[in-house]
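Below, each chain spelled out in residue letters.
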Amino acid sequence: MQDIQHYLRPGLLQLASLPPLSLYVHLPWCLKKCPYCDFNSHEMRQADMPEQRYLDALVADLESALPLIWGRTVHSIFLGGGTPSLFAPESIARLLSDLRARLKLSADCEITLEANPGTFEKERFRAFRDAGVTRLSVGVQSFKDGHLKSLGRVHDSAQARAALEEAARSFDTWNLDLMYALPGQTLEDLREEIAQALAFAPPHLSIYHLTIEPNTYFAKYPPQIPEDDTAYAMLDLITERTAAAGLQRYEVSAYARTNHHCRHNLNYWEYGDYLGIGAGAHGKISFAHRIVRQVRTREPRLYMERALAGNAVAQEEEVKRADLPFEYMLNALRLRQGFALGEFSERTGLAITAIARQLEEAERKGWITRDLQRVLPTERGFDFLSDLQSLFLPDPA
Ligand SMILES: C[S@@+](CC[C@H](N)C(=O)[O-])C[C@H]1O[C@@H](n2cnc3c(N)ncnc32)[C@H](O)[C@@H]1O
Ligand code: SF4
């Protein structure tokens, strides 16, 4: 990491104010690697996890990064993975108190922890709440044992149900993660999945289209997944059923009851700032004259070594001015409410005229609507989201 003066020197951008700041903490271990997963997650037996050393490394990592966010309030924290719920509740309590001692948290700071039903015990979820976690995100993926098996999950559907019941009992707000377009899944299967999910009245539901990511087991040995037409019909069914249950689709894959949006994810989509600590964590930090992206060392052992030596950052670069419109749209156009024109300028330091041509083209194609204040993706824009976002790619040099 550079000397702080380096970030503050004059540059090509002029940001009138800095956006809200969040903190992402990556906990990189899982009991077993799922065949579809390309997250920075590594297999480890629970008993072998070097929890305390990892927490020491996180603290060292945070302390080295503090000068970059001096004086700023943190509005949300996300403990993601990997499987953060593998960490002992005492370790999560230590982590949160270490963070609190070093950061100014807003009074209503949202603190989410990702939990896997395979790590579920009743007391454990309550202990996470008592440690200060305000929101649990439960990775269910499916309620059918056959699908869970083909997805290589470590839990069955009975464990998933028990975990959800406890999440609902212990937390005022929580999330259920599902995936669809699974190997061998039919529309009828999905209908049942949605009904089962909605029976828990989740305040927040994330439903992701299963993607076959490069360098995963599924990329090497592709399973039979539903045709595109079926996948579209599945999405229609999801949208219809969730709406009927009073959940708003506020983002491409996220559905929430009023006041139960994930504030942390909203901050990403609104192109806010986030410091990312932990193995392989990504961060984006704005300064008056530049926006900086960072990536931490990916491999957990190496990360711990480097973080403890004050050297966790593996890559750092300034976002180029020409890349800002696309970066902004990759996030903001995922939101049903789109973005305010003033916010585009506030977050990127660019005038709205910088994207006037692209907005006109998007409007002509029926992918957005706009008024004097906001730009919103249409239904069709949501369906062609990557084409819509690509309009904002920088012109080839
Ligand atoms: C970072 S993962 C971590 C959550 C937790 N480890 C778990 O799997 O239960 C967050 C969510 O991303 C989704 N996900 C992961 N890989 C995916 C893929 N290849 N396609 C679609 N969704 C995926 C899953 O729904 C998962 O719950
Ligand atoms: S449990 Fe979650 S993070 Fe871990 S391998 Fe599976 S999908 Fe990836």
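We now turn to the structure provided with this report. This one's a predicted model, so the numbers in the text were calculated from it and none came from an experiment.

### Points about unusual backbone geometry
Put simply, Gly-81 and Gly-82 share a cis peptide bond, and its omega is 20°. Looking at the element boundaries, Gly-82 is found in the loop between β4 (73-81) and α3 (89-102). One non-glycine residue, Ala-181, lies in positive phi territory at about 60°. One can find Ala-181 in the loop between β7 (173-180) and α7 (187-199). Positive phi, close to 65°, is recorded for Asn-259, a residue that is not glycine. Inspection of the secondary structure assignment puts Asn-259 in the loop between β10 (254-256) and α10 (263-269). Judged by relative accessible area, Asn-259 falls into the exposed class, the value being 69%.

### Section: the pattern of salt bridges
Overall, the coordinates contain 22 salt bridges when judged by the stated rule. For the salt bridge of Asp-273 with Arg-72, the shortest nitrogen-to-oxygen distance reads 3.0 Å. With Asp-273 in strand β11 (residues 273-278) and Arg-72 in the loop between α2 (51-65) and β4, the pair connects residues that are 201 residues apart, well separated along the chain. A single burial state applies to Asp-273 and to Arg-72, both of which are buried. Among the ionic pairs, Asp-273 bridges to Lys-284, the shortest N-O distance being 3.1 Å.

### Regarding the site of ligand 1
By nearness alone, 17 residues border ligand 1, and Gly-82, Gln-141, Arg-153, Asp-177 and Thr-211 come closest of all. The separation between a nitrogen atom of ligand 1 and a polar main-chain atom of Tyr-36 is 3.1 Å. Between ligand 1 and Gln-141, the relevant distance is 2.7 Å, taken from an oxygen atom to a side-chain nitrogen or oxygen of the residue. Computed on the free molecule, ligand 1 has an accessible area of 560 Å², of which 90% lies beneath the protein chains in the complex. Counting residues per element, the ones that place at least two in the shell around ligand 1 are β6 (135-141), β7 and β8 (204-209).

### Digging into the side chain of Lys-284
Looking at the secondary structure, you find Lys-284 in strand β12 (residues 282-287). A polar contact is formed between the side chain of Lys-284 and the backbone oxygen of Gly-272, at a distance of 2.9 Å. Those residues within four positions of Lys-284 in sequence are excluded, and the remaining contacts are Tyr-271, Gly-272, Asp-273, Tyr-274, Ile-291, Val-292 and Arg-293.

### Some thoughts on the site of ligand 2
Every residue close to ligand 2 is listed here: Cys-30, Lys-32, Lys-33, Cys-34, Tyr-36, Cys-37, Ser-41, Gly-82, Thr-83, Asn-116 and Arg-153. The residue makeup of the shell around ligand 2, split by class, is four nonpolar, four polar and three charged.

### Focus on α2
Taking 1.5 Å of rise per residue, 15 residues should cover 21 Å, and α2 covers 21 Å from first to last C-alpha, within 8% of that figure. Taken as a whole, α2 has its buried residues at Glu-51, Tyr-54, Leu-55, Ala-57, Leu-58, Val-59, Ala-60, Asp-61, Leu-62 and Ala-65. The elements touched by buried residues of α2 are β1 (21-27), β2 (29-30), α3, β11, β13 (290-296) and α11 (300-308).

### Regarding the environment of Phe-218
Residue position: Phe-218 is located in helix α8 (residues 217-220). Of the residues examined, Phe-218 reaches a relative accessible area of 5% and is grouped as buried. C-alpha separation for the pair Phe-218 and Cys-34, spaced 184 residues apart in sequence, amounts to 9.3 Å. If we ignore the near neighbours within four places in the chain, the residues touching Phe-218 are Pro-35, Tyr-36, Ser-150, Leu-151, Pro-183, Leu-210, Ile-212 and Pro-223.

### As for the packing of aromatic side chains
What the rule picks out here adds up to 15 aromatic pairs. Their ring planes at 65° and their centres at 5.1 Å tell us that Trp-29 and Tyr-54 sit as a pair that is edge-to-face. With Trp-29 in strand β2 and Tyr-54 in helix α2, the pair connects residues that are 25 residues apart, well separated along the chain. Assessed through its relative accessible area of 3%, Trp-29 is described here as buried. Ring centres 5.6 Å apart and planes at 75° place the aromatic pair Tyr-271 and Tyr-328 in the edge-to-face group. Linking Tyr-271 in the loop between α10 and β11 with Tyr-328 in helix α12 (residues 324-332), this pair joins segments that are 57 residues apart in sequence. Under the relative-accessibility criterion, Tyr-328 is labelled buried at 0%. Members of the aromatic cluster, joined through ring pairs, are Trp-29, Tyr-54, Phe-87 and Tyr-303. The residue whose ring lies beneath Lys-284 is Tyr-271, and the NZ or CZ to ring-centre distance is 3.9 Å.

### Some thoughts on the nonpolar core
With 73 residues, the main nonpolar core has Val-25, Ile-92 and Leu-99 as its most contacted residues. It is α2 that provides the largest number of residues to this core, a total of six residues. For Val-25, the residues in contact, after removing those within four places along its chain, are Leu-58, Ile-77, Phe-78, Leu-79, Gly-80, Leu-95, Leu-99 and Ile-277. By size, the runner-up hydrophobic cluster in this structure holds 27 residues, among which are Phe-326, Met-329, Ala-362 and Leu-388.

Quick notes on the rules
Residues numbered from 1 in each chain as written. Chains lettered and ligands numbered in written order. Predicted model: local features only at pLDDT ≥ 70, side-chain atom pairs only at ≥ 80, totals over all residues. Heavy atoms only, no water. Helix = DSSP H or I, 4+ residues; strand = E, 2+ residues; numbered from the N terminus. Buried < 20%, exposed > 50% of the residue type's maximum accessible area, 1.4 Å probe, protein only. Salt bridge = Lys/Arg side-chain N within 4 Å of Asp/Glu carboxyl O. Near = heavy atom within 4 Å. Polar contact = N/O pair within 3.5 Å; in protein donor to acceptor, adjacent residues only side chain to side chain. Areas by Shrake-Rupley, 256 points an atom, 1.4 Å probe, with all protein chains shown as cover. Contact = heavy atoms within 4.5 Å. Nonpolar A, V, L, I, M, F, W, Y, C, P; charged D, E, K, R; others polar. Expected span 1.5 Å × (residues − 1). Phe/Tyr/Trp six-rings, centres within 6.5 Å; stacked < 30°, edge-to-face > 60°. Lys NZ or Arg CZ within 6 Å of the ring centre and 35° of its normal. Core = buried A, V, L, I, M, F, W, Y, C linked by side-chain atoms within 4.5 Å.

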